[in-house]
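Structural overview for review
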Amino acid sequence: MRYLHNIGRYFLMIAEMFRKPTKWSVMRTLILKDIDDLIIGSLGIIAFISFFVGGVVTIQTALNIENPLIPRYLVGFATRQSVILEFAPTFTSIIMAGKVGSFITSSIGTMRVTEQIDALEVMGINSLNYLVFPKTIALMLYPFAIAIGMFLGILGGMAACVFGGYTSLEDYILGLQTDFDGFHVTYSFIKTYVFAFVLATIPSFYGFYMKGGALEVGKASTTAFVWTSVVIILLNYILTGMMLG
């Protein structure tokens with residue numbers, strides 16, 4: 001029953017988030033601050049992970065192609081499909097559930113512990129709109145970060161090919177171009193938008209409704225990471241079945 005209670009409370013929170021909006025001059029400042037904290041502040045770790053994951057996928061694919069009848073350009077093909085379909089949108093989002101999700105939960109949870117949220121509500125401000133809505137809008141730029149991750153993942157695979165000698169640059173580029181389906185990129189960005197909404201709202205839920213002191217803030221951050229990751233994996237399965245099945 002506790003899980004059903006939390007699910008219902010979560011959707012009520014989302015509905016409340018859009019009521020009684022904060023005036024635009026204040027909201028614009030909050031959105032820009034959250035873009036800096038959540039998107040720009042995450043570009044470094046996204047770039048680092050994507051580049052080396054792309055290289056690892058390329059190396060593992062090349063080392064497992066031992067049959068001389070299998071064309072070497074399949075290394076580039078496998079890297080492109082893996083990075084665009086799964087590693088960039090899904091794997092990176094789970095990493096961001098730890099980085100961005102913990103930041104959101106701890107920041108809102110600290111405000112709850114120090115009674116700043118109570119102060120906002122006493123002043124007649126919709127605290128959910130003030131705290132959660134800017135983060136949701138800021139994370140709508142998350143596909144921009146994932147696009148950079150896709151590019152760097154494929155670039156990392158190219159670097160692994162060239163400097164590791166696993167296949168020629170020409171074969172790798174041919175593999176990237178072979179049977180390319182533009183809908184796969186569209187599918188990845190649709191997934192990313194859904195994941196971005198989850199990354200903004202589930203950690204906010206656990207931060208906003210937490211009770212206790214500083215120790216409970218840490219527990220709420222851990223719980224938020226776990227459930228955000230679980231929901232991302234479930235939605236990934238559902239969206240893949242709906243759009244590619």
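Remember, predicted model here, so these are calculated numbers, not experimental data.

1. Remarks on the overall build of the protein
From N to C terminus, the protein includes 11 helices and 0 strands. Ordering the α and β elements of the protein from the N terminus gives α-α-α-α-α-α-α-α-α-α-α. Once the C-alpha set of the protein is aligned to its principal axes, its extents read approximately 70 × 40 × 35 Å. Buried positions account for 44% of the 245 residues belonging to the protein. For the protein, restricting intrachain contacts to residue pairs at least 6 apart in sequence, the fraction spanning at least 24 positions comes to 85%. If you sum the accessible surface of the protein, you get close to 12400 Å²; carbon and sulfur atoms cover 71% of it. Charge-centre separation for the protein: the mean point of 15 positive side chains lies 11 Å from the mean point of 14 negative side chains.

2. Some details on the packing of aromatic side chains
Each aromatic ring pair is summarised here by two numbers: the centre-to-centre distance and the angle between the ring planes. For the structure shown, the criterion picks out 10 aromatic pairs. A ring pair is formed by Phe-205 and Tyr-206, whose centres lie 5.2 Å apart and whose planes are at 85°; its orientation type is edge-to-face. Residue class for Phe-205 comes out buried when judged on its relative accessible area of 5%. Taking relative accessible area as the criterion, Tyr-206 reaches 19% and is therefore assigned buried. Aromatic pair Phe-208 and Tyr-209: ring centres 5.0 Å apart, planes at 80°, arrangement edge-to-face. Taking the relative accessible area as the measure of exposure, Tyr-209 reaches 24% and is therefore partly exposed. Members of the aromatic cluster, joined through ring pairs, are Tyr-10, Phe-11, Phe-205, Tyr-206, Phe-208 and Tyr-209. Seen from the ring of Tyr-3, Arg-2 lies directly overhead, with NZ or CZ sitting 5.1 Å from the centre. When the ring centre of Phe-208 is taken as reference, the NZ or CZ atom of Arg-112 above it lies at 4.7 Å.

So, how was this worked out
Residues numbered from 1 in each chain as written. Predicted model: local features only at pLDDT ≥ 70, side-chain atom pairs only at ≥ 80, totals over all residues. Heavy atoms only, no water. Helix = DSSP H or I, 4+ residues; strand = E, 2+ residues; numbered from the N terminus. Buried < 20%, exposed > 50% of the residue type's maximum accessible area, 1.4 Å probe, protein only. Contact = heavy atoms within 4.5 Å. Areas by Shrake-Rupley, 256 points an atom, 1.4 Å probe, with all protein chains shown as cover. Lys, Arg positive; Asp, Glu negative; His and termini not counted. Charge placed at Lys NZ, Arg CZ, Asp CG, Glu CD. Phe/Tyr/Trp six-rings, centres within 6.5 Å; stacked < 30°, edge-to-face > 60°. Lys NZ or Arg CZ within 6 Å of the ring centre and 35° of its normal.

Just geometry here; none of it tells us what the structure is for.
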